[in-house]
Amino acid sequence: MSGERFRPARDRRRRVGAIFRMVCLVSIGFSMLVLAILLVDVARDGLHWLSWDFLARYPSRIPERAGIKSAILGSLWMMGLTAAISFPLGVGAAIYLEEYAPRNWLTRLLQTNIGNLAGVPSIVYGILGLAIFVRFFGFGRSLLAGAATLALLVLPVVIVASQEALKAVPSSLREASYGLGATKWQTIRHHVLPMALPGILTGMILSLSRAIGETAPLIMIGALTFIAFSPTSPMDPFTVLPIQIFNWTSKPQAEFHDLAAGAIIVLLVVLLVMNTGAILLRNKFQKRF
Amino acid sequence: MDAKKLTRTALVLAPLALLVAGCGGGERSGDGTGLSGMVSIDGSSTVFPISEAMAEEFQIANPGVRVIVGISGTGGGFKKFCAGETDISDASRPIKQSEMDLCAENGIEAIEIPVAWDGLTVVRNPANDWATCMTVDELARLWQPGSTIQRWNQIRPDWPDEEIVLYGPDTDSGTFDYFTAAVVGEEDASRDDYTASADDNVLVVGVEGDAGSLGYFGFAYYEESSDRLGLVAVDNGNGCVAPSRETIENGTYAPLSRPIFIYVKPDALARPEVRAFVEFYLNNATVLVPEVGYVPLAAERYEEILDW
């Protein structure tokens, strides 16, 4: 027996461990640093433009008169419509796939495709939206066309998140319900869905957080650059926060770049509120088994 | 129990979002002039600042009318205009025959209205202290298709042996069409190994960051960033002329001063809100055009167009 085969080499192993820890620390430190630089830079440029007036005024060619009212309202409309379209479609599809669909090659094919769709670049959805919603359905360059496009964009994520939430509901619950004579629909309606809802809502809000920052597909379907009125119906032309930011950064005057920074802060706050909402919903209604 | 409550919460959530968004409305009426409706404009990024200023002031004067302005390039604007999607098209060059044919196919006519002068401005990096003036011929040799000029000393032997990095507008741009026609001699004939962008600010930043760079875009953008860029005067055989409001207006900055236009369709002009907007445009051009960095036409020209 060769006891020499085993060398404890404790110092070396500890050193390797310490190095690995440092590498991890540097990675997190680096990302935090970049984020901090970005936030500080944006805050330094934009903070002094922030005021209630900034939120309540329409865009203008004169920086002192410019605001983001039409962009904020456009974004709110857009989120409301996108949620209204993608929630029933996404949850419906997830319920079908999880609860009703037979496990065969077709379902597996569908499943793989949904996963793939989640990775398609957003501009592709823009092209699709332009062809289908703007031209074919004749929605024009309206809020509705934009929301339908964004709904398509977030659908894969909504479906997958909802499926995961449905999967997490223990099957003992379904069996108990069947055992008491409930039909499949009654079981889903009264037991499975309420139990899965926190997870579904979290997925929904997170996908809306993605949609609110989307610019490319909306530019593709023709969101407009200068809008100085509030949309009053889903068929109205629109602008949204990211487009207003993009438009201001492409102006030559430096004041507009600062205004864009101000609008970025507003967008970040809206995002933060949405994500906080997702966490609160989850914590409030989550049940553990 | 909690979960059940949540189901109901979720069911009201989506409509609620709509309701919240809907709160923005309700300010459509209550205008002084009684005009209402919508005027939609799209097209050139060069004309955009003028149309934007007009749209803003017009809506202050007529709160009942909605004016929307987009940017999709002169060519892109005509595509929408000829498809009947817009009332007014911003254009930094006259409409092409192919575009008129497209419009005619859809039964759409276009009335051309010149609104201002622009000077296409050739810019260099401020560190470049040699190319302060170039002849039209030199610019043509540099920009023509298949041009092999890669270094400054290939243009003039006494210029330094430094690489030229080129920036310019993309092919959807009227500025591109005009520059190629005026300098190279054939519309849309250009070398293609340059950084093209529809966003003039990208070009400004690009030229600013590259010591050997050269680019071109509208005068208004140069004026806003004149502290970051150097100018290249253009010699058309009569000595070097740099673009300025004077040389653009009196036409000595040739061949790169050009009129810019809006195109209106007669059907739209029959609508009172569009007619009012176009009249507002022409009545206020002498004030608003210079404010956004362009050179207005002579005041009589605007009146002539109005009378017509």
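Calculation notes
- Residues numbered from 1 in each chain as written.
- Chains lettered and ligands numbered in written order.
- Predicted model: local features only at pLDDT ≥ 70, side-chain atom pairs only at ≥ 80, totals over all residues.
- Heavy atoms only, no water.
- Helix = DSSP H or I, 4+ residues; strand = E, 2+ residues; numbered from the N terminus.
- Buried < 20%, exposed > 50% of the residue type's maximum accessible area, 1.4 Å probe, protein only.
- Contact = heavy atoms within 4.5 Å.
- Areas by Shrake-Rupley, 256 points an atom, 1.4 Å probe, with all protein chains shown as cover.
- Domains from an automatic or database assignment.
- Buried area = accessible area lost by both parts, 1.4 Å probe.
- Salt bridge = Lys/Arg side-chain N within 4 Å of Asp/Glu carboxyl O.
- Polar contact = N/O pair within 3.5 Å; in protein donor to acceptor, adjacent residues only side chain to side chain.
- Phe/Tyr/Trp six-rings, centres within 6.5 Å; stacked < 30°, edge-to-face > 60°.
- Pairing = 2+ DSSP bridges.
- Patch = residues over 30% accessible without salt bridge, like charges linked within 9 Å, V, L, I, M, F, W, Y side chains within 5 Å.
- Lys, Arg positive; Asp, Glu negative; His and termini not counted.
- Charge placed at Lys NZ, Arg CZ, Asp CG, Glu CD.
- pLDDT = per-residue confidence, 0-100.
- Axes fitted to C-alpha atoms, helices over the stretch in contact; angles between N-to-C directions.

A.B. asks: I would appreciate a short explanation of the overall build of chain B in the present structure.
C.D. replies: A tally of regular secondary structure across chain B gives twelve helices and eleven strands. Per-residue burial for chain B yields a buried fraction of 54% across its 308 residues. Within chain B, residue pairs in contact and separated by at least 24 positions form 73% of the contacts whose partners lie at least 6 positions apart. Per element, the accessible surface of chain B, about 12700 Å² overall, is 52% carbon and sulfur.

A.B. asks: Would you mind showing me how to read the domain arrangement of chain B here?
C.D. replies: Where the parts come together, the accessible area they lose is often given as the size of the interface. Residue and element names in this part refer to chain B. We note that the domain assignment places domain 1 (36-117 + 259-307) and domain 2 (118-258) within chain B. Taking the mean C-alpha position of each, domain 1 and domain 2 sit 27 Å from one another. On the side of domain 2, 17 residues touch domain 1, which itself brings 21 residues to the contact. Together, Trp117, Gly293 and Val295 form the three largest contributors to the area buried by domain 1 at its contact with domain 2, with a combined 31%. Linking domain 1 with domain 2 are four salt bridges, by the criterion used here. For Lys96, the salt bridge identified is with Asp188, shortest N-O distance 3.4 Å. Taken together, domain 1 and domain 2 are joined by nine residue pairs in polar contact (both at pLDDT 80 or more).

A.B. asks: Explain the pattern of salt bridges here, please?
C.D. replies: Within the structure shown, the criterion is met by 29 salt bridges over all chains. A salt bridge links Glu214(A) to Arg210(A), with the shortest nitrogen-to-oxygen separation between them at 3.4 Å. The class of Arg210(A) is partly exposed, set by a relative accessible area of 34%. One salt bridge in this structure joins Lys80(B) and Asp42(B), with 2.9 Å as the shortest N-O distance. Taken together, the residues span a long stretch of sequence, with Lys80(B) in helix α3 (residues 73-82) and Asp42(B) in strand β1 (residues 37-43) at a distance of 38 residues.

A.B. asks: What is the right way to look at the packing of aromatic side chains in this model?
C.D. replies: The geometry of an aromatic ring pair is captured by two quantities: the separation of the ring centres and the angle between the planes. In this structure the tally under the stated criterion is 19 aromatic pairs over all chains. Their ring planes at 85 degrees and their centres at 5.1 Å tell us that Trp143(B) and Tyr216(B) sit as a pair that is edge-to-face. Of the two residues, Trp143(B) sits in helix α5 (residues 136-143) while Tyr216(B) sits in strand β8 (residues 213-218), which places them 73 residues apart along the sequence. The same class applies to Trp143(B) as to Tyr216(B), namely buried. Plain terms: the ring middles of Trp152(B) and Trp159(B) are 5.8 Å apart, the flat faces sit at 65 degrees to each other, and that makes the pair edge-to-face. The pair formed by Trp152(B) and Trp159(B) is uniform in burial state, with each residue classed as buried. By the ring-pair criterion, three or more aromatic residues cluster together here, those being Phe133(A), Phe136(A), Phe137(A) and Phe139(A).

A.B. asks: How do you make sense of the pairing of strand β4 (residues 111-124) of chain B when you look at a structure like this?
C.D. replies: Residues in a regular strand point their side chains to alternate faces of the sheet. Residues and elements named next belong to chain B. For β4, the tally of buried residues reaches twelve of 14 residues, placing the bulk of the element in the interior. Where β4 and strand β11 (residues 257-264) come together, eight bridges link them in antiparallel fashion. Within the sheet, the bridge partner assigned to Pro114 lies in β11 and is Phe261. As judged from the five bridges shared by β4 and β8, these two strands associate in the antiparallel manner. In the sheet register, Val123 faces β8, and the bridge partner there is Gly215.

A.B. asks: Where do I start with a nonpolar patch on the surface in this structure?
C.D. replies: Residue and element names in this part refer to chain A. A grouping of Met22, Leu25, Val26, Ile28, Met32, Leu35, Leu38, Leu39 and Leu268 is seen on the molecular surface, where their side chains present a nonpolar patch of about 830 Å² in accessible area. Ranked by residue count, the leading element in the nonpolar patch is helix α1 (residues 10-46), at eight residues. The residue Val26 is located in helix α1 in this model.

A.B. asks: Help me understand the side chain of Glu52(B) in this model?
C.D. replies: As for its placement among the helices and strands, Glu52(B) is situated in helix α2 (residues 48-61). We classify Glu52(B) as buried; its relative accessible area is 3%. Not counting residues up to four positions away in its chain, the partners in contact with Glu52(B) are Arg61(A), Phe226(A), Lys251(A) and Val69(B).

A.B. asks: Is there a simple way to think about a positive patch on the surface in this case?
C.D. replies: Taken together, Arg7(A), Arg10(A), Arg12(A), Arg13(A), Arg14(A) and Arg15(A) make up a surface patch of like positive charges. Take Arg15(A): it is sitting in helix α1.

A.B. asks: Sorry if this is basic, but what is going on with the confidence of the model for chain A here?
C.D. replies: Reading predicted coordinates in detail is not appropriate for stretches of low pLDDT. Scored by pLDDT, chain A has a mean of 89; 97% of the residues are at 70 or more. Mean pLDDT across the secondary structure elements of chain A bottoms out at strand β1 (residues 226-227) of chain A, with 86, and peaks at helix α6 (residues 143-167) of chain A, with 94.

A.B. asks: Honestly, the packing of helix α3 (residues 69-100) of chain A against helix α10 (residues 241-249) of chain A in this entry has me stumped. Any pointers?
C.D. replies: Two packed helices can be described by the angle between their axes and the distance between those axes. Following both chains from N to C, one finds α3(A) and α10(A) inclined at 145 degrees, their axes separated by 8 Å at the closest point. On the side of α3(A), the interface is formed by Ala71(A), Ile72(A) and Ser75(A), while α10(A) contributes Leu241(A), Pro242(A) and Gln244(A).

A.B. asks: How should I be thinking about the domain arrangement of chain A in this particular structure?
C.D. replies: All names here are of chain A. If you check the domain split of chain A, you get domain 1 (3-48) and domain 2 (54-285). If you average the C-alpha positions of domain 1 and of domain 2, the two centres end up 34 Å apart. Across the contact, seven residues belong to domain 1 and six residues belong to domain 2. With both sides pooled, the region where domain 1 packs onto domain 2 buries about 450 Å², and carbon together with sulfur makes up 79% of that total. It is Val42, Asp45 and Gly46 in domain 1 that bury the most area against domain 2; as a group they hold 72% of the surface buried on that side. There are zero salt bridges connecting domain 1 and domain 2. There are zero residue pairs in polar contact (both at pLDDT 80 or more) connecting domain 1 and domain 2.

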